[in-house]
Amino acid sequence: MMKKIILILWLLSIPATVICQNAERSLLEKGNFFSGLSFNFSAKNTDNKDVLVYKIYDQHKDNININLDQGYFIKDHFSLGALINYSSYSRQGRELSTHNILSDIQSRTIGWSVYATMRNYFSLDASQRFNVFNMIKLGGVVENSLTEKVTSDILERTYRQRRSIELLFYPGLMVQIEKGFAIEVGLEIAGIKIQWTDTE
């Protein structure tokens, strides 16, 4: 088992989250419960690209990310909640080594994460239509991946398990479309991660 402690600083675009609640008053008032959902899918094809010690002959990648977000305002403009994330990543294609050896590669990674969240909102106008927020997420990630590589009819299979504890910082903008319905967009700008990885 390999244990790594990593300090991460990054900029990562996050898809918009749709937030709903059934109250007739402002979403940000004490006593309101909210639910949010975001979904992201991406696909990419790569041909004849040099990457360090090998060349991507042809490759296809798919990535799916789903977030379910819920919370409760314990005071005006301040909420506590939970976020559940599902992610799936797949890659398949052919790679050419520096010795001109061609390999067929297939890889699949599935991950689940659960976070406790804390949000603090700051209204930009009197109607509370536009709001900036800071969110802190603390939770754990479980991720399993399987990679199969075939070179000269020889199969090499690698199974990897990753477990991590993460503390993430996430500022953003929330726009109330109407009472009980809003959209949030933000960036994960920094984080601290403690990670354990097992490889077989």
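Here the structure is shown first, and the text comes after it.
Residues numbered from 1 in each chain as written. Predicted model: local features only at pLDDT ≥ 70, side-chain atom pairs only at ≥ 80, totals over all residues. Heavy atoms only, no water.

A. The arrangement of the overall build of the protein chain in detail. Within the protein chain one finds zero helices and nine strands. For the protein chain, the α and β elements follow one another from N to C terminus as β-β-β-β-β-β-β-β-β. A buried classification covers 34% of the 200 residues belonging to the protein chain. Counted over contacts in the protein chain with a minimum sequence separation of 6, partners at least 24 positions apart contribute 61%. Accessible area for the protein chain stands at about 11,900 Å²; split by element, carbon and sulfur atoms hold 59% of it. (Helix = DSSP H or I, 4+ residues; strand = E, 2+ residues; numbered from the N terminus. Buried < 20%, exposed > 50% of the residue type's maximum accessible area, 1.4 Å probe, protein only. Contact = heavy atoms within 4.5 Å. Areas by Shrake-Rupley, 256 points an atom, 1.4 Å probe, with all protein chains shown as cover.)

B. How the structure looks around the pattern of salt bridges. Across all of its chains, the model carries five salt bridges by this definition. One salt bridge in this structure joins Glu148 and Arg157, with 2.8 Å as the shortest N-O distance. Take Glu148: its relative accessible area is 24%, and that puts it in the partly exposed class. With a shortest N-O distance of 3.7 Å, Lys193 and Glu166 are connected by a salt bridge. With Lys193 in strand β9 (residues 181-199) and Glu166 in strand β8 (residues 154-178), this pair connects stretches of sequence that are 27 residues apart. Residue classification places Glu166 among the buried positions, given a relative accessible area of 8%. Through salt bridges with shared partners, one network takes in Asp69, Arg119 and Glu184. (Salt bridge = Lys/Arg side-chain N within 4 Å of Asp/Glu carboxyl O.)

C. Structural view of the environment of Val185. Counting through the fold element by element, Val185 comes out in strand β9. The partly exposed category is assigned to Val185, whose relative accessible area is 44%. A C-alpha to C-alpha distance of 9.9 Å links Val185 and Tyr170, two positions 15 residues apart in sequence.

D. Highlighting the packing of aromatic side chains. This structure, assessed with the given rule, holds five aromatic pairs. With a centroid separation of 5.6 Å and an interplanar angle of 45°, the aromatic rings of Tyr121 and Phe133 are classed as tilted. Placement of the pair is Tyr121 in strand β6 (residues 102-123) and Phe133 in strand β7 (residues 130-151), with a sequence separation of 12 residues. The residues Tyr121 and Phe133 share a single accessibility class, namely buried. A centroid spacing of 5.8 Å and a plane angle of 25° characterise the contact between Phe133 and Tyr170, whose relative ring orientation is stacked. Placement of the pair is Phe133 in strand β7 and Tyr170 in strand β8, with a sequence separation of 37 residues. Of the residues examined, Tyr170 reaches a relative accessible area of 5% and is grouped as buried. (Phe/Tyr/Trp six-rings, centres within 6.5 Å; stacked < 30°, edge-to-face > 60°.)

Read these as layout, nothing more, since geometry by itself doesn't imply function.
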